[in-house]
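Here's the letter readout for the chains.
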Amino acid sequence: MKRNGTSISGLLLGLILLLTLLVSCGRQDEPVAAPGAAQPSQDEAQPTLPKAPAEKEPEAAAPEATQPEDGASGEAQPDGAFTNPAGADPEPAPAEPEPDPVTEPDSDPEPEPESEPAEPAPDPEPEPDVWENGAYTANVTLEGGTGRASVTSPAQLRCEDGQFWAIIEWSSPNFDYMKVNGERYELISEPGGNSVFEIPVAAFDQALDVAADTIAMSEPHEVEYTLTFDSASLTRQ
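Values in this document were obtained by computation on a predicted structure and should not be read as measured data.

**What about the overall build of the chain?**
Across its full length, the chain holds 2 helices and 10 strands. Mapped in sequence order, the helices and strands of the chain form the string α-α-β-β-β-β-β-β-β-β-β-β. In the chain, buried positions account for 17% of the 237 residues. In the chain, the share of contacts with a sequence separation of at least 24, taken over all contacts with a separation of at least 6, comes to 47%. On the chain, roughly 20300 Å² of surface is accessible, and the fraction owed to carbon and sulfur atoms is 53%.

**Let's talk about unusual backbone geometry**
Residue Pro154 is reached from Ser153 by a cis peptide bond, and omega for that bond is 0 degrees. Mapped onto the elements, Pro154 comes out in the loop between strand 2 (140-144) and strand 3 (155-160). Backbone geometry places Asn181, a non-glycine residue, at a positive phi of 55 degrees. With respect to the helices, strands and loops of the structure, Asn181 is situated in the loop between strand 5 (175-180) and strand 6 (183-186). The exposed category is assigned to Asn181, whose relative accessible area is 73%. If you check the backbone angles, Asp205 has positive phi at about 60 degrees while not being a glycine. Inspection of the secondary structure puts Asp205 in the loop between strand 7 (196-201) and strand 8 (207-214).

**Let's talk about the sheet that holds strand 6**
Judged by pairing direction, the sheet is antiparallel, and its 5 strands sit side by side in the order 2-9-8-5-6 without closing on themselves. A strand with exactly one partner marks an edge of an open sheet, and here the two such strands are strand 2 and strand 6. The mean inter-strand angle of the sheet, taken between neighbouring strand axes irrespective of direction, is 35 degrees. Looking at chain direction, strand 5 and strand 8 are connected through 5 bridges and run antiparallel. Along strand 8, the bridge assignment pairs Val180 with Val210.

**Considering the layout of surface pockets**
Its boundaries defined by the atoms lining it, the largest pocket holds a volume of some 250 Å³. Here the lining of the largest pocket is composed, by residue class, of 6 nonpolar, 7 polar and 1 charged.

**Observations concerning the side chain of Ser172**
Its place among the elements puts Ser172 in the loop between strand 4 (163-169) and strand 5. A polar atom in the side chain of Ser172 sits 3.1 Å from the backbone nitrogen of Asn174.

**Describing the sheet that holds strand 7**
An order of 7-4-3-1-10 is seen for the 5 strands of this open sheet, with the pairing classed as antiparallel. Every interior strand has two partners, whereas the edge strands, strand 7 and strand 10 (235-236), have only one. The sheet contact formed by strand 3 and strand 4 spans 5 bridges and is antiparallel. Its bridge partner lying in strand 4, Glu160 is registered against Gln163.

**Re the packing of aromatic side chains**
Here the structure, examined in full by the defined rule, presents 6 aromatic pairs. Between Trp131 and Tyr136, the aromatic rings sit 6.1 Å apart at their centres with planes inclined by 85 degrees, giving edge-to-face as the arrangement. Residue Trp131 is classed as partly exposed on the basis of its relative accessible area, which comes to 35%. An aromatic cluster of at least three residues, connected via ring pairs, comprises Trp131, Tyr136, Phe164 and Phe204.

The rules behind each value
- Residues numbered from 1 in each chain as written.
- Predicted model: local features only at pLDDT ≥ 70, side-chain atom pairs only at ≥ 80, totals over all residues.
- Heavy atoms only, no water.
- Helix = DSSP H or I, 4+ residues; strand = E, 2+ residues; numbered from the N terminus.
- Buried < 20%, exposed > 50% of the residue type's maximum accessible area, 1.4 Å probe, protein only.
- Contact = heavy atoms within 4.5 Å.
- Areas by Shrake-Rupley, 256 points an atom, 1.4 Å probe, with all protein chains shown as cover.
- Pairing = 2+ DSSP bridges.
- Axes fitted to C-alpha atoms, helices over the stretch in contact; angles between N-to-C directions.
- 1 Å grid on protein atoms, 1.4 Å probe; cavity = no way out; pocket = protein on both sides within 12 Å on 5 of 7 lines; lining within 4 Å.
- Points joined across faces, edges and corners; volume = space filled by probe spheres on them.
- Nonpolar A, V, L, I, M, F, W, Y, C, P; charged D, E, K, R; others polar.
- Polar contact = N/O pair within 3.5 Å; in protein donor to acceptor, adjacent residues only side chain to side chain.
- Phe/Tyr/Trp six-rings, centres within 6.5 Å; stacked < 30°, edge-to-face > 60°.

As structure tokens, then:
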């Protein structure tokens, strides 16, 4: 009997210890106030922490003058501000005058077309030179043929009533006549000397076609040449 009592006492003691441990564990997580016990005030339960110095609040910007909504009275409006009566639609603010449009300068005016200069009056045609009758000389150039014959230069000329005549002296005695513009001109020289002819000069500084008949070959043969008289070398004798 004593042994059973000892066992029961031990069990009770173990249960009490177990409850005590459970209660202790619960208090460590969150304290549970016993029923009927007065709960400590918030100030007593939590230690007071030192307050951080208050930051300096930025100065508030001056409130913009706004128009109270729905006619509610607000702060004093600045001079000249317009307030609408309650319930009235706000009138639009007067529009600022638009600046005068900048007119771009007109493009440079096109220059007026210059009047074409009047064409100069044509110079009057020079009157043909009127040469005095008399004897002249002028250089003469011979071209054509075989190149073996030549003529004397400067040649002797004479002027009669504005018409020039040239004395053509060949370097050979084998020419018996000449033709100019289809007209035949005979020898004016003595037999045995170089062949000499007098022919008309149609113009200066131009190649004049002439023909001279030679008897140096087995039979007579006309050879074509050109004679050019230089006006710059024309000299009065």
